[in-house]
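Single-letter residue listing:
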Amino acid sequence: MSSSLAVRSNAPVAPRRAAIVVGVGVALLWLIELVDQITRGSLDALGIHSWQVWSLPSIFLAPWLHADWAHLSANTLPFAVLGFLVLIGGAVRAVLSTLWSVVVSGLSAWLLSAPNTITIGASGLIFGWLTYLLTRGLFARNGKQILLAVVIFVVYGGILWGVFPTQAGVSWQAHLGGAIGGVLAAWSLHRRRTARAHG
């Protein structure tokens, strides 16, 4: 990749454009849940079925599905806020950090959940975005990002308790995987690399 292309690919996204993209994502979440409600929960079967190999592609579908309106409502605001903050940091990095979060969260839910468990919901992705935002500044040694991370931690840090099995019916496995995925994304995308001199 040329240096100029790298700069363009990592360029921040304008806040207005980021808000539109995230708004479309939120609207899609609610539209999907409306269809799910009309069809009496038929879409929930597309979630991640633990230990079922045929269900692995559902890793990419599960974040768009929710059990009911309350489940979706609880995820909507953090999805919008954290998604916006990730996106304004650059479209390419937003896509890659999202993939890291979704894949590691989904695989964790698939592998660690009890047999015959179906996992749905955007919370794994939300946990990934959260830990990505909390740690990227540390890897990049960026003061502004670290300051933003402090603010984000004050507002949303409490939800990190969700990585522990404290509430029945809540997938701590997906939360934990998402959190790990977010840290891995921050490390892979923002770590300082040692400069090498060429003779």
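Remember, predicted model here, so these are calculated numbers, not experimental data.

A. Layout of the packing of helix 5 (residues 123-140) against helix 6 (residues 143-156). Remark: helix 5 packs on helix 6, axes separated minimally by 8 Å, with the N-to-C direction vectors making an angle of 155°. It follows that helix 5 is roughly antiparallel to helix 6 by the angle criterion. For the crossing formed where helix 5 meets helix 6, the hand is left-handed. Each of L130, L133, L134, R136, G137, L138 and A140 in helix 5 lies in contact with helix 6, whose residues at this interface are Q145, I146, L148, A149, I152, F153 and Y156.

B. View of the nonpolar core. By size, the foremost hydrophobic cluster in this structure holds 33 residues, and its most contacted members are F79, L82, Y132, L133 and I152. For this core, the secondary-structure elements that each account for two or more residues are helix 2 (15-38), helix 3 (69-87), helix 4 (91-112), helix 5, helix 6 and helix 7 (172-190). For this core, the element with the most residues is helix 5, which contributes seven residues. When near neighbours in sequence (up to four residues on either side) are disregarded, L133 contacts L82, L85, V86, Q145, A149 and I152.

C. Molecular detail of helix 6. With 14 residues, helix 6 extends 20 Å from end C-alpha to end C-alpha; this agrees with the ideal 20 Å at 1.5 Å per step. On its buried face, helix 6 sits against helix 3, helix 5 and helix 7. N-capping of helix 6 is provided by N142, with a side-chain oxygen placed 3.0 Å from the backbone N of K144.

D. Structural view of the packing of helix 2 against helix 3. It is at 9 Å that the axes of helix 2 and helix 3 come closest, and there the two elements cross at 160°. Comparing their axes, helix 3 and helix 2 come out roughly antiparallel. Where helix 2 crosses over helix 3, the two elements pack in a sense that is right-handed. Residues P15, A18, A19, V21, V22, G25, V26, L29, W30, E33, L34 and Q37 of helix 2 lie in contact with helix 3, whose contacting residues are W69, L72, S73, T76, F79, A80, G83, F84 and L87. Counted by class, the contact of helix 2 with helix 3 contains 15 nonpolar, five polar and one charged residues.

E. Looking closely at the packing of aromatic side chains. Tallied over the full model, the rule gives four aromatic pairs. With a centroid separation of 5.2 Å and an interplanar angle of 50°, the aromatic rings of F79 and W129 are classed as tilted. Taken together, the positions of F79 in helix 3 and W129 in helix 5 put the pair 50 residues apart, joining distant regions of the chain. Comparing F79 with W129, the two get one shared label, buried. Sitting over the face of the ring of W187, R191 holds its NZ or CZ atom 4.0 Å from the ring centroid.

F. A nonpolar patch on the surface, seen in detail. A cluster of nonpolar side chains, L28, W30, L31, L34, V35, I38, W64 and W69, forms an exposed patch at the surface whose accessible area comes to about 720 Å². Element by element, the count of residues in the nonpolar patch is highest for helix 2, at six residues. Look at I38 and you get exposed, because its relative accessible area is 62%.

G. Fine view of the side chain of E33. Among the structural elements, E33 can be located in helix 2. Excluding anything up to four places from it in sequence, E33 contacts H66, A67, D68, W69 and L72.

Conventions we followed
- Starting from 1, residues in each chain are numbered consecutively following that chain's sequence as written.
- Only residues with pLDDT of 70 or above have their local features reported here, since the model is predicted, and side-chain atom pairs are shown and tallied only from 80 upward, although totals for entire chains, interfaces and linings are computed over all residues.
- Side-chain measures were taken over the full set of non-hydrogen atoms in the model, leaving aside hydrogen atoms and water.
- Lines fitted to the C-alpha atoms define the axes, with helices restricted to the stretch that makes contact. Angles between their N-to-C directions range from 0 to 180 degrees.
- Helix numbering and strand numbering both begin at the N terminus, where a helix is a DSSP run of H or I of at least 4 residues and a strand a DSSP run of E of at least 2.
- Should an angle fall under 35 degrees it is taken as roughly parallel, and over 145 as roughly antiparallel, whereas 65 to 115 is taken as roughly perpendicular and any remaining angle as oblique.
- The crossing is said to be left-handed when, going from far helix to near helix, the turn is anticlockwise and less than a right angle, and right-handed when the turn is clockwise.
- Two residues form a contact once any of their heavy atoms are found within 4.5 Å.
- Side-chain atoms within 4.5 Å link the members of a nonpolar core, which is a set of buried Ala, Val, Leu, Ile, Met, Phe, Trp, Tyr and Cys residues.
- Think of it in three bands: with a 1.4 Å probe and only protein chains considered, a residue is buried below 20% of the maximum accessible area for its type, exposed above 50%, and partly exposed in between.
- Multiplying 1.5 Å by the helix residue count minus one yields the expected span of that helix.
- A 3.5 Å cut-off defines polar contacts: any pair of N or O atoms within that distance qualifies, except that in protein one atom must be a possible hydrogen donor and the other a possible acceptor, and neighbouring residues in sequence count only when both atoms are side-chain atoms.
- Classes in brief: Ala, Val, Leu, Ile, Met, Phe, Trp, Tyr, Cys and Pro nonpolar; Asp, Glu, Lys and Arg charged; the others, Gly included, polar.
- In summary, the pairing rule links any two rings of Phe, Tyr or Trp, Trp by its six-membered ring, whose centres are within 6.5 Å, and it sorts them by plane angle into stacked for under 30 degrees, edge-to-face for over 60 and tilted for everything else.
- Our definition puts a charge over a ring when NZ of Lys or CZ of Arg is within 6 Å of the ring centre and also within 35 degrees of the ring normal.
- Surface patches are drawn from residues lacking salt bridges whose relative accessible area is over 30%; two like charges belong together within 9 Å, two nonpolar side chains (Val, Leu, Ile, Met, Phe, Trp, Tyr) within 5 Å.
- The Shrake-Rupley method, run with a 1.4 Å probe, gives the accessible areas here. Residue values count only the displayed protein chains as cover.
- Should a side-chain nitrogen of Lys or Arg be within 4 Å of a carboxyl oxygen of Asp or Glu, the pair is scored as a salt bridge.

These values are about where atoms sit, not about what they do.
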